[in-house]
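# Overview (structure and organization)
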Amino acid sequence: MEFQWYPGHMTKAKRMMEEDIKLVDLVIELVDARLPQSSRNPDIDKLGKNKYRLIILNKSDLVSERDNAAWTEYFKNRGYFVVRLDSRSRAGMKNVNAVIEKACQEKFERDRKRGIVNRPVRAMVVGIPNVGKSTFINSFAGKACTKTGNKPGVTKGKQWIRLNKNVELLDTPGILWPKFEDRQVGLRLALAGSMNDEILNISELALELIRYVKEQYPGMLNARYGVLETGTCDEILSEIADNRKCIKKGNEPDYDKAAAILLDEFRGGILGKIVLEFPDKLYNTKENTNGRDDRCNKKEI
């Protein structure tokens, strides 16, 4: 199964962002805490060159504290300001204003020397589809400013939002990039719901997830679905279908329905706290001083 999704509106959105980037001081990039590197559009670094940068590890509630800390350190070591966040519950939201002020401290000093006072920070909010940009903005503002949804492609155009006297946000559509050179990146994005499920084979996607969880988080599938993890991925999906009463006419297992349940429960964090990739430096055992277990030496999804 190949993973590519780049609808026409993304080309238009990228051009719009290239025009608007000159208007902002700060780029706030939301990434999915379960796949922080794969959920970063490589075009953003080019667009945000010479801008202050803040990375928000959104959906951090779906990840263990250990993995959140490792990825926070990873990005800080590369010069980014970082905030861990669960936009839906607003957990961590109070830290955002403080970090914005810290990130833009040079701007404030420059404005002060020029006699400019009370000019707000203008920030562009960017990220791939379904990473939670609109939910973040609404939570940050404390009111519904943008339309949200649990599928990619909800935001279609740009929108300026004045949060307070200190910050203005420019909401932008979620964009991917035209071609994923690494199939695993596409797979992670598909699993996280950043592509349109209608173009994907859901049953095959679920088998990929079963393989990964079985290897990296042994016992999790058994705890949630009561399956024997000694079986093949196909056998485990069949057991999930049986245990969840996913049966078609003729008493046949409904694999697609069982696959959809598995993916929904992974995406919603019901299955457990799962990351799909780890910081690169943790694969080097000589540099691994974080007391991490041997999961970091196993193959990622």
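So, a few notes on the structure that sits alongside this text. (Residues numbered from 1 in each chain as written. Predicted model: local features only at pLDDT ≥ 70, side-chain atom pairs only at ≥ 80, totals over all residues. Heavy atoms only, no water.)

## Considerations on empty space enclosed by the protein
- For the coordinates displayed, the defined rule picks out one cavity of 30 Å³ or more.
- Estimates place the volume of the largest cavity at around 30 Å³.
- Lining the largest cavity, in full, are M17, I21, V27, I44, L47, G48, M124 and V126.
- Of all elements in the fold, only α2 (42–47) and β4 (121–126) reach the threshold of two or more residues within the lining of the largest cavity.
- Of the residues assigned to the lining of the largest cavity, the class counts are seven nonpolar, one polar and no charged. (1 Å grid on protein atoms, 1.4 Å probe; cavity = no way out; pocket = protein on both sides within 12 Å on 5 of 7 lines; lining within 4 Å. Points joined across faces, edges and corners; volume = space filled by probe spheres on them. Helix = DSSP H or I, 4+ residues; strand = E, 2+ residues; numbered from the N terminus. Nonpolar A, V, L, I, M, F, W, Y, C, P; charged D, E, K, R; others polar.)

## Quick look at the environment of I274
- Along the chain, I274 turns up in the segment after α11 (255–267).
- Taking relative accessible area as the criterion, I274 reaches 1% and is therefore assigned buried.
- On a C-alpha basis, the gap between I274 and Y217 in space is 8.0 Å, while along the polypeptide they are 57 residues apart.
- Other than its neighbours up to four places away in sequence, I274 contacts R34, L62, V63, Y212, V213, Y217, M220 and F266. (Buried < 20%, exposed > 50% of the residue type's maximum accessible area, 1.4 Å probe, protein only. Contact = heavy atoms within 4.5 Å.)

## Comments concerning the packing of helix α8 (residues 202–216) against α11
- At a closest axis distance of 8 Å, the pairing of α8 and α11 adopts a crossing angle of 50°. Comparing their axes, α11 and α8 come out oblique. Of the two possible hands of crossing, α8 and α11 adopt the one that is left-handed. Contacts from I202, S203, L205, A206, L209 and I210 of α8 reach α11 at Y255, D256, A259, A260, L262, L263, F266 and R267.
- Considered class by class, the residues forming the contact of α8 with α11 number eleven nonpolar, one polar and two charged. (Axes fitted to C-alpha atoms, helices over the stretch in contact; angles between N-to-C directions. Parallel < 35°, antiparallel > 145°, perpendicular 65-115°, else oblique. Left-handed = near helix turned anticlockwise from the far one by under 90°.)

## Details of helix α1 (residues 8–20)
- Compared with an ideal rise of 1.5 Å per residue, which puts 13 residues at 18 Å, α1 spans 19 Å between its outermost C-alpha atoms and is within 8% of the ideal.
- Within α1 the residues assigned to the buried category are M10, A13, M17 and D20. One face of α1 carries all of its buried residues, which in axial projection span an arc of 85°. Among the exposed residues of α1, those pointing more than 90 degrees away from its buried face are G8, K12, R15 and E19.
- Where α1 is buried, its residues meet α2, β4 and β6 (167–171). (Expected span 1.5 Å × (residues − 1). Arc of directions from axis to C-beta.)

## Here we look at helix α6 (residues 133–141)
- For α6, the buried fraction is high: seven of the nine residues fall into the buried class.
- Along α6, the positions that sit buried rather than exposed are K133, S134, F136, I137, N138, S139 and F140.
- A positive phi of about 75° marks G142, the residue just after α6.

## Notes on the pattern of salt bridges
- This model, assessed by the stated rule, comprises 22 salt bridges.
- In this structure, the salt-bridge partner of K22 is E19, at a minimum N-O distance of 3.4 Å.
- With a relative accessible area of 52%, E19 lands in the exposed category.
- Each of the salt bridges in this network shares a partner with another, and the network as a whole consists of E29, R40, D45 and R53. (Salt bridge = Lys/Arg side-chain N within 4 Å of Asp/Glu carboxyl O.)

## Topic: the sheet that holds strand β1 (residues 26–32)
- If you walk across this open sheet you meet the six strands as β3-β2-β1-β4-β6-β5, and the pairing is mixed. Across the chains shown, the open sheet's two edge strands, defined by having one partner strand only, are β3 (81–85) and β5 (159–162). Here the strands of the sheet are splayed against their neighbours by 25° on average, with no regard to which way each runs.
- In this structure, β4 lies alongside β6, joined through five bridges in parallel fashion. Bridge assignment links V125 to a residue of β6, and that residue is D171. (Pairing = 2+ DSSP bridges.)

The quantities given are spatial measurements derived from coordinates; they are silent on function.
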